[in-house]
Amino acid sequence: MSVRHIIVHKQPHTIANAVAFGTGLAAISAGTLLPVTLHLASLLVYGPVLLHRRHTTWHAFALGLSLALSKTVDWAIPAWHALSNPTSSLAILFLASTVTSGVTVGVLLLHTWARSRIAAGWSQVVLFPALWAYAWYFVSLISPIGRLSSWAPVSDPMGYEWMIPFTGPTLSDWVTAAWAVVLSEVAGAWLMGSTQAEEDEETPLLPDSVKNAQSQSHRGIGAVSQLAVMLLVMMIPSFVLLDARLPVESPDTTALRVACILPPRPAHRGLDIQDYLRESSRFWNTADVLLWPEGAVTFESEAARNAAFSNVIELLKNNSKAIMGVSYTDTSSDSSDPTGKKLLHRNGLALLSRSSPEPHLEYYKRNLVPIAESYGMIHSSEPPEMFTYELQISKKEERPIPITTSICLDFAMPNTFAQLQSKPALILAPAKTWDRSVAQVMWEQAKQRALELDSTVLWCDGGESGLSGVAGKGQDSEPMQIGEGSWTRAIGVEFPFNERRTVYGAGGNAIAMSLFFGLIAVGMVDGVNKLDWEKINLACCGTDYGVAHLSALP
């Protein structure tokens, strides 16, 4: 009895669930192309067996449970510290994991069912990538945590970064699923193949329905090769168009010095506005843009907030030409409450400088962390705006630096900056995460949003193990700081700055989705052109001879 016989015939469901759980743990924790590809490939190999064997519903439920458990185990520690009640955190995590695993199993079954009804080999192999990319794009639109709800989001698409400004976040899902199709076809060809000894066994290795599905797969092996070649060719520009770091000092760049203000935490109290002002004063003459982390200070009233802003502006007038991003939580009365006792809390950022008595830009967080923030705070519906900072190069020259902002979880949303009519040079991104793994995930999301816009993000995370740094166009991909400790960095901004939006920035995900499903249509049209129309006419006559001929068509 061969290993293939045991896997496919004796214990297919047990082995498939164990593999799904193990590869799921690796894929979710790593978040990179290879482990996620291996995970999806294992699911694709199991798909025909799952759909065509008996008790599909029960085995689909078991697979979904295995996937949900893998995600729950992987995120158990961050969830444990997310809320004051760890039991509630874990229960919510498992419920959310169950929903996303259900989507995963649903896409797998839909693909397996639909593929058996598509004749064109090319359309068969590009079907799963399109379904996978569309499913998680749709989920990210309706989920309160956006792209973080994806089953196994890929943060590093390796050689495909150059395509991100054209296709947006769905590129990672499509490329990963496409490579999974290639690997699953290779694995399936080995796994489903049978030796002469296996053919002589009394019990067939596979039921006819699964054999038919695999036979279709063999007929599409040429299309799989074409897909693999296409994926390899798509990587070539990454080696030709080297994304070198922009020089700070050159005729084609403007030197911009940015700083993240993370003062040391006092031993027996929390940080207050004086701590942040004292720490900021160290960088007033060495940085052009200063940013405080999310919720750095708290204002108990609108009057207190306005007074603090006036004080900051006055200090800047006397000491610095820099522009400062002040992140805060403010409190105001609910106008709908006749008693005036109900208070509303908002998480915001104000951009202040010596040149204006009022904030140049105010932004309030639009996406709140479910339960942890959404219970006690209100979200904003106003999209990010743009402010052009006139950076003084000399007494006679100023250069415009377009700046926008968003706050922490907003960066997990695929369309955060869809309303911008031009491209920002710098995105201010205050954040505050509670766990190292969460900090890593949000850092990767911020990098993705910057790459999509062909821009640069200043990510300033005030969490105890938060990651802070500069990422995006022409910047390093690694964070500069972990935890507390202020820092500054000089970056290069192209000059003159091209404010034209990227293809994704202007068109959103519609372009990528049209491309992905267009690839399916190309295969179908090509398949129709290759059909023998004489045999189709015979089949249309309704005779057994005609039907037999139609069923024999490739």
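Heads up: the structure comes first, above all this text.
Residues numbered from 1 in each chain as written. Predicted model: local features only at pLDDT ≥ 70, side-chain atom pairs only at ≥ 80, totals over all residues. Heavy atoms only, no water.

Participant: How would you sum up the packing of helix α4 (residues 56–74) against helix α6 (residues 86–115)? Please name residues and give values.
Facilitator: With their axes 8 Å apart at the nearest point, α4 and α6 run at an angle of 135° to one another. When the axis of α4 is compared with that of α6, the two are oblique. Remark: the crossing between α4 and α6 carries right-handed chirality. Between α4, through Ala60, Leu63, Gly64, Leu65, Leu67, Ala68, Leu69, Lys71 and Thr72, and α6, the contact on the second element is made entirely by Leu93, Phe94, Ser97, Thr98, Thr100, Ser101, Thr104, Val105, Leu108 and Leu109. Per-class residue counts for the contact of α4 with α6 are 11 nonpolar, seven polar and one charged. (Axes fitted to C-alpha atoms, helices over the stretch in contact; angles between N-to-C directions. Helix = DSSP H or I, 4+ residues; strand = E, 2+ residues; numbered from the N terminus. Parallel < 35°, antiparallel > 145°, perpendicular 65-115°, else oblique. Left-handed = near helix turned anticlockwise from the far one by under 90°. Contact = heavy atoms within 4.5 Å. Nonpolar A, V, L, I, M, F, W, Y, C, P; charged D, E, K, R; others polar.)

Participant: Tell me what's going on with unusual backbone geometry, and back it up with residues and numbers.
Facilitator: With an omega of -5°, the peptide bond between phenylalanine 495 and proline 496 qualifies as cis. Examined against the element boundaries, proline 496 turns out to sit in the loop between β13 (487–494) and α17 (503–507). With a phi angle near 40°, cysteine 408 is a residue other than glycine that sits in the positive phi range. Position of cysteine 408 relative to the elements: it lies in the loop between β8 (398–405) and β9 (426–431). Phi is positive for aspartate 454, which is not a glycine, with a value near 60°. Mapped onto the fold, aspartate 454 is located in the loop between α16 (436–453) and β10 (456–461). Overall, the relative accessible area of 25% leaves aspartate 454 in the partly exposed class. (Buried < 20%, exposed > 50% of the residue type's maximum accessible area, 1.4 Å probe, protein only.)

Participant: An account of α4 is requested, with residue identities and associated values reported.
Facilitator: Over its 19 residues, α4 extends 27 Å from the first C-alpha to the last, a length consistent with the 27 Å expected when each residue adds 1.5 Å. Within α4 the residues assigned to the buried category are His59, Ala60, Leu63, Gly64, Ser66, Leu67, Ala68, Ser70, Lys71 and Thr72. Each element contacted by the buried residues of α4 is listed here: α2 (12–30), α3 (33–52), α5 (76–80) and α6. (Expected span 1.5 Å × (residues − 1).)

Participant: Any details on the nonpolar core? Residues and values, ideally.
Facilitator: In terms of nonpolar packing, the biggest core is built from 61 residues, with Leu63, Tyr160, Trp174, Leu227 and Leu231 touching the most fellow members. Broken down by secondary-structure element, the contributors of at least two residues to this core are α2, α3, α4, α6, α7 (121–142), α9 (170–192), α12 (221–234) and α18 (510–529). Those residues in contact with tyrosine 160 that lie beyond four places of it in its chain are Leu33, Leu171, Val175, Trp179, Leu231, Leu232, Met234, Met235 and Ser238. Core analysis: the second largest hydrophobic core is formed by 49 residues, Ile403, Ala412, Leu453 and Val493 among them. (Core = buried A, V, L, I, M, F, W, Y, C linked by side-chain atoms within 4.5 Å.)

Participant: Describe in detail α7, supporting the description with residues and values.
Facilitator: Think of an α-helix as turning once every 3.6 residues; residues three or four places apart then point the same way. Relative to the 32 Å expected for 22 residues at 1.5 Å per residue, α7 spans 33 Å between its end C-alpha atoms, a close match to the ideal helical length. At leucine 127, α7 shows its maximal kink, close to 30°; a proline, proline 129, follows between one and four residues later. Among the 22 residues of α7, 17 are classified as buried, and the element is accordingly described as predominantly covered. (Bend = angle between axes of the 7 residues up to and from the residue.)

Participant: How would you sum up the pattern of salt bridges? Please name residues and give values.
Facilitator: A complete count under the given rule lists 18 salt bridges for this structure. Aspartate 275 is the partner of arginine 269 in a salt bridge, and the nearest nitrogen-oxygen pair spans 2.8 Å. Judged by its relative accessible area of 44%, arginine 269 falls in the partly exposed class. Relative accessible area serves as the criterion here: at 8%, aspartate 275 is assigned to the buried category. Of the charged contacts in the structure, one is a salt bridge between arginine 278 and aspartate 275, with a shortest N-O distance of 3.1 Å. With arginine 278 and aspartate 275 both in helix α14 (residues 273–280) and three residues apart, this pair spans about one turn of that helix. (Salt bridge = Lys/Arg side-chain N within 4 Å of Asp/Glu carboxyl O.)

Participant: So, the packing of α2 against α4: which residues are in play, and what are the values?
Facilitator: Running from N to C, α2 and α4 point in directions that differ by 30°, and their axes come no closer than 8 Å. As the angle between them shows, α2 and α4 are arranged roughly parallel. Where α2 crosses over α4, the two elements pack in a sense that is right-handed. Where α2 abuts α4, its residues His13, Asn17, Ala20, Phe21, Gly24, Leu25, Ile28 and Ser29 lie against His59, Ala62, Leu63, Ser66, Leu67, Leu69, Ser70, Lys71, Val73 and Asp74. Across the contact of α2 with α4, the residue classes break down as nine nonpolar, seven polar and two charged.

Participant: Can you break down the pairing of strand β1 (residues 253–260) residue by residue, with the values?
Facilitator: Most of β1 sits inside the fold, with six of its eight residues counted as buried. Pairing of β1 with strand β2 (residues 289–291), which is carried by three bridges, proceeds in the parallel orientation. Considered in β2, the bridge of valine 258 is made with valine 289. (Pairing = 2+ DSSP bridges.)

Participant: Could you give an account of the side chain of threonine 167, with specific residues and numbers?
Facilitator: Within the secondary structure layout, threonine 167 lies in helix α8 (residues 164–167). Owing to a relative accessible area of 4%, threonine 167 belongs among the buried residues under this scheme. Beyond its immediate chain neighbours, meaning those up to four positions away, threonine 167 contacts Tyr504, Asn509 and Ala512.

Participant: I'd like a description of the packing of aromatic side chains, backed by residues and values.
Facilitator: By the definition in use, this model includes 13 aromatic pairs. Taking the centre distance of 5.5 Å and the plane angle of 85° together, the rings of phenylalanine 411 and tryptophan 459 count as edge-to-face. Of the two residues, phenylalanine 411 sits in the loop between β8 and β9 while tryptophan 459 sits in strand β10, which places them 48 residues apart along the sequence. Through a chain of ring-to-ring contacts, three or more aromatic side chains come together here, namely Phe299, Phe309, Tyr328 and Tyr364. The ring of tyrosine 364 has arginine 346 lying over it, and the distance from NZ or CZ to the ring centre is 3.7 Å. The ring of phenylalanine 495 has arginine 399 lying over it, and the distance from NZ or CZ to the ring centre is 3.7 Å. (Phe/Tyr/Trp six-rings, centres within 6.5 Å; stacked < 30°, edge-to-face > 60°. Lys NZ or Arg CZ within 6 Å of the ring centre and 35° of its normal.)

Coordinates in, geometry out; function isn't part of it.
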